[in-house]
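Residue strings, one per chain:
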Amino acid sequence: MEDFNQVQSQLQQARNVNDIGGLDKLRQAVRKNDPEALSEAAKQFEAIFIQMMLKSMRKAEDVMVDKDSPFNSEQVKFYRDMHDQQLAVDLASKGSLGLAKMIEQQLGHQAGFVPASVLRNGANLPALQPPTKTDDASSSAYSAKISLGIKQPAFASQQDFVQQLLPLANKVAEEFNLDPKSMVAQAAVETGWGQYMIHSKQGQNGHNLFGIKADQRWQGDRTLVNTLEYTDGQAKQHKAQFRAYGSFEDSMRDYAEFVSHSGRYSDAVESAQQPAEYFSRLQQAGYATDPNYADKVLGVLGSSTFQHALMDK
């Protein structure tokens, strides 16, 4: 924290994207997973993007200005560029474009804004099939379980997320010989620390902590939401149905059964008490298409935020 405060003080004095020394110290602070350092780094990245945008606009403007014009001199361009650099920093510090927030989520491994269906290939979750019966009664009962949904926060903070879920994870993990801390860390990646939980439009929480889809085998309630999936390396938006649970404990139990009763993940489950090995094998078995999925979960598990929440608990 002391390192970040020193970096922030320097940045407040200079506030210039060309301050290489300050940026290098900021980079080192970010590596320590300090949330304030991540926020500052995100603003710097947004400032660089804005500066590039302004530079492109200036080039287009130069084409229309007479070469002999006093406004086209090298001196004018020099001071103009300095002004644009500072303008970019000021705009980024105010969140004018909104890029900093998204960048901060990426740097902080908050994957709630990346739906679970992007991370999981769904190979062992067949696409939802309509009922075999075509009579109206069957179709009506089938549709009654589906509700349109939205994603919204369900926890007050990251600390609240860990402290509410860890006792439930302890209970379920003991039954299935899984690691409770790993379960909570994975849920944090899947839901963005509980800030992107699937709810019905009426505000009812679906308690889906692991982004498990609702296939034809799922007999419970389900929620239809917009999501992203990768096809041939391209992200495409579409609607998908996800399982809805009555409680967070039900969600954890379903996840535990999901990985424990599938031969596909048997090697991973055997290493459940070794998080690095567990998530590596889980990813290799096809649980996720994101090549950085295991690293993201381990990043959360080893982060200062997660560790502080555990100590407070």
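One can find the structure itself at the top, above this paragraph.
Residues numbered from 1 in each chain as written. Predicted model: local features only at pLDDT ≥ 70, side-chain atom pairs only at ≥ 80, totals over all residues. Heavy atoms only, no water.

**Notes on empty space enclosed by the protein**
Empty space among the atoms becomes visible once a probe the size of a water molecule is rolled across them. Within the structure shown, the criterion is met by 2 cavities of 30 Å³ or more. Space inside the second largest cavity adds up to approximately 30 Å³. Lining the second largest cavity, in full, are Leu178, Asp179, Ser182, Met183, Gln186, Tyr255 and Tyr278. When residues in the lining of the second largest cavity are grouped by element, the largest group, 3 residues, is from helix 9 (residues 180-191). Among the residues forming the lining of the second largest cavity, the class breakdown is 4 nonpolar, 2 polar and 1 charged. (1 Å grid on protein atoms, 1.4 Å probe; cavity = no way out; pocket = protein on both sides within 12 Å on 5 of 7 lines; lining within 4 Å. Points joined across faces, edges and corners; volume = space filled by probe spheres on them. Helix = DSSP H or I, 4+ residues; strand = E, 2+ residues; numbered from the N terminus. Nonpolar A, V, L, I, M, F, W, Y, C, P; charged D, E, K, R; others polar.)

**Considering the environment of Val269**
As for its placement among the helices and strands, Val269 is situated in helix 11 (residues 266-270). Put simply, Val269 and Phe279 are 10 residues apart on the chain and 9.4 Å apart in space, counted from C-alpha to C-alpha. Setting aside residues up to four positions removed in sequence, Val269 forms contacts with Leu178, Val259, Ser260 and Tyr278. (Contact = heavy atoms within 4.5 Å.)

**Section: the side chain of Arg222**
Looking at the element boundaries, Arg222 is found in strand 3 (residues 222-231). Among buried Asp, Glu, Lys and Arg side chains, Arg222 stands out as unpaired, with Asp215 the closest opposite charge at 6.4 Å. A distance of 2.7 Å separates a polar atom in the side chain of Arg222 from the backbone oxygen of Trp218. (Buried < 20%, exposed > 50% of the residue type's maximum accessible area, 1.4 Å probe, protein only. Lys, Arg positive; Asp, Glu negative; His and termini not counted. Salt bridge = Lys/Arg side-chain N within 4 Å of Asp/Glu carboxyl O. Polar contact = N/O pair within 3.5 Å; in protein donor to acceptor, adjacent residues only side chain to side chain.)

**A few points about a nonpolar patch on the surface**
Taken together, the side chains of Phe45, Ile48 and Met52 present a nonpolar region at the surface, about 300 Å² in accessible area. Of note, Met52 is situated in helix 3 (residues 35-64). (Patch = residues over 30% accessible without salt bridge, like charges linked within 9 Å, V, L, I, M, F, W, Y side chains within 5 Å. Areas by Shrake-Rupley, 256 points an atom, 1.4 Å probe, with all protein chains shown as cover.)

**Quick word on the packing of aromatic side chains**
For the coordinates displayed, the defined rule picks out 11 aromatic pairs. A ring pair is formed by Tyr278 and Phe279, whose centres lie 4.9 Å apart and whose planes are at 70°; its orientation type is edge-to-face. By the burial criterion, Tyr278 is buried, and Phe279 matches it. Site record: aromatic cluster; members linked through ring pairs are Phe155, Phe161, Trp193, Phe248 and Phe306. (Phe/Tyr/Trp six-rings, centres within 6.5 Å; stacked < 30°, edge-to-face > 60°.)

**Description of the pattern of salt bridges**
A complete count under the given rule lists 7 salt bridges for this structure. The salt bridge partner of Arg243 is Asp215, with a shortest N-O separation of 3.8 Å. Here the residue Arg243 occupies a position in strand 4 (residues 234-243), and Asp215 occupies one in the loop between strand 2 (197-200) and strand 3, the gap between them amounting to 28 residues. Note on Asp215: relative accessible area 0%, which makes it buried.

**Notes on the environment of Ile48**
For Ile48, the location among the structural elements is in helix 3. Measuring from C-alpha to C-alpha, the distance between Ile48 and Gln85 comes to 8.3 Å, with 37 residues separating the pair along the chain.

So yeah, pure geometry; function would need other evidence.
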